[in-house]
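One-letter residues, chain by chain:
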Amino acid sequence: MTDRLPGFFEGTEMPTAGWWEALWPDPAKVLQAVGLAPGMDVIDLCSGDGWFTLQIAKIAGHVTAIALDSKLLDVTKFRLSEAGISNCDYVAGDAYEIAKLVPRRVDFVLLANAFHGVPDRRRLARAVREVLKPSGRFAIVNWHQHPREETTILGEPRGPRTELRMSPDQTIAAVEPAGLKLLEIVEVLPYHYGAVFERSSG
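Below is a short write-up of the structure. (Residues numbered from 1 in each chain as written. Predicted model: local features only at pLDDT ≥ 70, side-chain atom pairs only at ≥ 80, totals over all residues. Heavy atoms only, no water.)

**Digging into the environment of R129**
For clarity, the cut-off: Working definition: helices are DSSP H or I runs of at least four residues, strands are E runs of at least two. Numbering for both runs from the N terminus. N or O atoms closer than or at 3.5 Å make up a polar contact, with two conditions inside protein: a donor-capable atom paired with an acceptor-capable one, and, for residues adjacent in sequence, both atoms drawn from side chains.
Note on placement: R129 falls in helix α6 (residues 121-131). A sequence separation of 69 residues divides R129 from E198, and the C-alpha atoms of the two residues are 8.7 Å apart. Within the structure, R129 has its side chain in polar contact with the backbone oxygen of S200 (distance 3.1 Å).

**Some remarks on the pairing of strand β1 (residues 41-45)**
Definition in use: Using a 1.4 Å probe on the protein chains alone, a residue whose accessible area is under 20% of its type maximum counts as buried, one over 50% counts as exposed, and one in between counts as partly exposed. We call two strands paired when DSSP finds no fewer than two bridges between them. By convention, orient the strands away from the viewer: a clockwise path from the first strand over the helix to the second makes the crossover right-handed.
Within β1, five of the five residues are buried, which leaves the element mostly enclosed by the surrounding structure. Side chains D41, I43 and L45 project from β1 onto one buried face, and the interleaved V42 and D44 project onto a second face that is buried too. Sheet topology note: the β1/strand β2 (residues 62-67) ladder contains five bridges and is parallel. Each bridged residue has a counterpart across the sheet, and for D44 the counterpart in β2 is A65. Regarding the hand of the β-α-β motif, the stretch spanning β1, helix α3 (residues 51-59) and β2 is right-handed. Of the pairings in the sheet, the one linking β1 to strand β4 (residues 106-112) comprises four bridges and is parallel in character. Paired with L45 across the two strands is L111, which belongs to β4.

Set out below in structure tokens:
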């Protein structure tokens, strides 16, 4: 894309309308699978147009949506306001600066469909660790390493280029050195997995 904002992670542009709904018609089920629990203070990192933010806000005590593109945050605001939800803050900023953007510790950080495009994954993981409470959790939802032509939605190949996709082992290797310990890998059908990490003590 020639009009993407500087700082966007590679291969993380928003999809055309309709296929999030086709891929994950029940986003709350995805969130439950990666361990989101009622009452948590949550950051939806790289929140896009708010497809997950809305469902997080219905479950969590509070959610902060962080996106680089303020226009996407406007879409998220509209989505949540239409649902009568007010327990969300909207922050435009760089994901690497998460600890500055949210100056308090939180229980849970979600990063869906973006980690594959992060240039410095360990830096991002360290930044997330800084914003988590002790035993706070970081959930990464990634595309499996299937060839892109095999991950079809609404009849067309979708998701990042095949060479950008990461195995669970690659995700673990990028995150654990930052002081986050793997808790579990969960399947997120049809084409994703969730890697859930916990903030180590210290």
